[in-house]
Amino acid sequence: MRSPPPPDPDPVVVRDESGVRVTVIPVGWVGVRRSHVEFGGPWSLRYAAIAVDRRWAPWLPVNVVLIEHRRGIVLVDTGEAVDQPPGHFGCGDRVQESIYRRYLRLPVRAGADAPARLRALGVAPDAVDTVVLTHLHGDHTGNLPAFARAEVVVGPGEVEGYPGATACRVTGRRLVRPRFEDGGIAGFARSTTLVDDGSVRAVPLPGHTIGHLGVVVDGARPTVIAGDAALSYEQLRRRGTPGVARDRTENRRTQERLDTVARAGGQVVLSHAAPDAP
Ligand SMILES: [Zn+2]
Ligand SMILES: [Zn+2]
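Conventions we followed
- As a convention, each chain's residues are numbered from 1 in the sequence order in which they are written.
- A letter from A marks each chain and a number from 1 marks each ligand, given out in the order of writing.
- Residues qualify for local features only when their pLDDT is at least 70, as the model is predicted, and side-chain atom pairs are given and counted only at 80 or more; totals for whole chains, interfaces and linings, by contrast, use all residues.
- Water and hydrogen atoms play no part in the side-chain values, which are based on all heavy atoms of the structure.
- Any two strands are treated as partners once DSSP identifies two or more bridges connecting them.
- In DSSP terms, a helix is any run of H or I states spanning at least four residues, a strand is any run of E spanning at least two, and both are numbered starting from the N terminus.
- Excluding water, the donors of a metal are its N, O and S neighbours within 2.8 Å, or within 3.2 Å for Na, K and Ca, and that exclusion means sites may look incomplete.
- Each salt bridge in this description consists of a side-chain nitrogen of Lys or Arg and a carboxyl oxygen of Asp or Glu lying within 4 Å of one another.
- In this scheme, a residue with accessible area under 20% of its type's maximum is buried, one over 50% is exposed, and one in between is partly exposed, where area comes from a 1.4 Å probe on protein chains only.
- In these descriptions, tetrahedral denotes four donors with every angle between 85 and 135 degrees, square planar four donors and octahedral six donors with opposite donors over 155 degrees apart and the rest between 65 and 115, and irregular any other case.
- The contact criterion used is simple: two residues touch if any of their non-hydrogen atoms lie within 4.5 Å.
- In this description, a disulfide is simply a cysteine sulfur pair whose atoms lie within 2.5 Å.
- What makes a nonpolar core is a set of buried Ala, Val, Leu, Ile, Met, Phe, Trp, Tyr and Cys residues whose side-chain atoms join them at distances within 4.5 Å.

**Digging into the sheet that holds strand β8 (residues 192–193)**
With respect to topology, 5 strands assemble into an open sheet ordered β8-β9-β10-β11-β12, the strand pairing being mixed. At either margin of the open sheet sits one strand with a lone partner, and together these are β8 and β12 (267–269). Here β8 runs beside strand β9 (residues 200–204); their pairing, made up of 2 bridges, is antiparallel. Among the inter-strand pairings, Thr-192 is bridged to a residue of β9, identified as Ala-202.

Structural data, given as structure tokens:
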């Protein structure tokens, strides 16, 4: 991939009703090989396929999602950081560090990272009450230090680690580990309340990683922020699986659930695709 990433798109308000505004905010780009975006061959060969694949996929946007609710401000994911010094990705593991450096490009323009873009929207990083990390891949966790006051919601098994997890980035933070004991919402059987009126909740969306999370904003037309369950809306409908997903069967099950929400009129928001117009 020799071409620089495209200009950063503007934030998109995908929902603004009943005192809740949801804004999808592009905060950089991710460049990966085509087999990383999707792998359809024998599942045990997926990492080998990515390792030998010399074809870069088109740049994918990296989005964070801001939920402004009268009872609290929730940010879903934090994007990567502008500065990526040696050791930034590996969490002390040199193999992981070299894999990130070799197989991923995560450019973020100065002044266009998540903290700067929130400030431009009038939201100070310290005003964020809760950061939900859909999972611990680097492009979702890089700016966590900027949101120092927030509690951090991380799914089951994520902090315990897996290849590619930037788990060290949550060390020392006030963590919430959802147990999904708050009943169903928007077709999901289990959830954990994030804002005390129950209208914003975390739900399990396993498959991409062990504890991959989604966030549901309830309403006549629910919004599901679905992280990396798919890398495009077309891939979601087709049940294609990114080559870095942990479990293809679980990922497909998660995609089926999301597609059911979409077909019932709900709105699905992905981390690496421009949002559909509201
Ligand atoms: Zn990911
Ligand atoms: Zn991602």
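**Comments concerning the coordination of the zinc ion (ligand 2)**
Distances from the zinc ion (ligand 2) to its protein donors, Asp-139 (OD), His-140 (NE2), Asp-228 (OD) and His-272 (NE2), fall at 2.1 to 2.3 Å. Ordering the donors of the zinc ion (ligand 2) by residue number gives the pattern D-H-x87-D-x43-H. Between the zinc ion (ligand 2) and the zinc ion (ligand 1), both coordinated by Asp-228, there is a metal-metal distance of 3.5 Å. Taken together, the positions of His-140 in helix α5 (residues 138–141) and Asp-228 in the loop between β11 (223–225) and α6 (233–238) put the pair 88 residues apart, joining distant regions of the chain.

**Observations concerning the pattern of salt bridges**
Applying the stated criterion across every chain yields a total of 18 salt bridges. Glu-17 is the partner of Arg-15 in a salt bridge, and the nearest nitrogen-oxygen pair spans 3.4 Å. Judged by relative accessible area, Arg-15 falls into the buried class, the value being 7%. By relative accessible area, Glu-17 is classed as partly exposed at 36%. Here Arg-169 makes a salt bridge to Glu-80, at a shortest N to O gap of 3.2 Å. With Arg-169 in the loop between β6 (151–154) and β7 (175–176) and Glu-80 in the loop between β4 (72–76) and α3 (94–103), the pair connects residues that are 89 residues apart, well separated along the chain.

**Some remarks on the sheet that holds strand β2 (residues 20–30)**
Read from one edge to the other, the open sheet built from 7 strands follows the order β1-β2-β3-β4-β5-β6-β7, with strand pairing classed as mixed. The sheet terminates laterally at β1 (12–17) and β7, the two strands that pair on one side only.

**So, the pairing of β1**
Judged from the 5 bridges that link them, β1 and β2 form a sheet pairing that is antiparallel. Bridge pairing links Arg-15 to Val-22 in β2. Turn length for the β1-β2 hairpin, with the two strands adjacent in sequence and antiparallel, is 2 residues, and the turn residue Ser-18 shows positive phi of about 50°.

**As for the coordination of the zinc ion (ligand 1)**
Distances from the zinc ion (ligand 1) to its protein donors, His-135 (NE2), His-137 (ND1), His-208 (NE2) and Asp-228 (OD), fall within 2.2 to 2.4 Å. Because the angles between the 4 donor atoms bound to the zinc ion (ligand 1) fall within 92 to 169°, the donor set is best described as irregular. Within one chain, the residues serving as donors to the zinc ion (ligand 1) are arranged as H-x1-H-x70-H-x19-D. Here Asp-228 falls in the buried class, since its relative accessible area comes to 4%.

**Some details on the pairing of strand β5 (residues 130–133)**
Burial along β5 is two-sided: Thr-130 and Val-132 and Val-131 and Leu-133, pointing in opposite directions, are all buried. Here β4 runs beside β5; their pairing, made up of 3 bridges, is parallel. Looking at β5, one finds that Val-76 is bridged to Val-132.

**Remarks on the environment of Val-27**
Within the secondary structure, Val-27 sits in strand β2. Val-27 gets classed as buried once you look at its relative accessible area, which sits at 1%. Separated by 16 residues in the primary sequence, Val-27 and Trp-43 have C-alpha atoms spaced 31 Å apart. When sequence neighbours within four positions are dropped, the list of residues in contact with Val-27 reads Val-62, Asn-63, Val-64, Gly-79, Val-108, Ala-112, Asp-113, Ala-114 and Arg-117.

**Concerning the state of the cysteines**
On inspection of all chains with the given rule, the structure shows 1 disulfide. The disulfide partner of Cys-91 is Cys-168, and the gap between their sulfur atoms is 1.9 Å. Taking the sign of the torsion about the S-S bond as the criterion, the disulfide between Cys-91 and Cys-168, at about -80°, is left-handed. Remark: Cys-168 occurs in the loop between β6 and β7 and Cys-91 occurs in the loop between β4 and α3; sequence separation between them is 77 residues. Given the relative accessible area of 37%, Cys-168 is considered partly exposed.

**A word on the nonpolar core**
Leu-75, Leu-118, Val-128, Val-131, Leu-133, Leu-136 and Phe-147 are the most contacted members of the largest nonpolar core, which totals 34 residues. Taken together, the elements giving at least two residues each to this core come down to β2, β3 (60–69), β4, α3, α4 (114–120), β5 and β6. Looking at which element gives the most residues to this core, the answer is β3, with 4 residues. When neighbours within four sequence positions are excluded, Leu-133 is seen to be in contact with Asp-77, Thr-78, His-140, Thr-141, Leu-144, Val-152, Val-153, Val-154, Val-170 and Leu-213.

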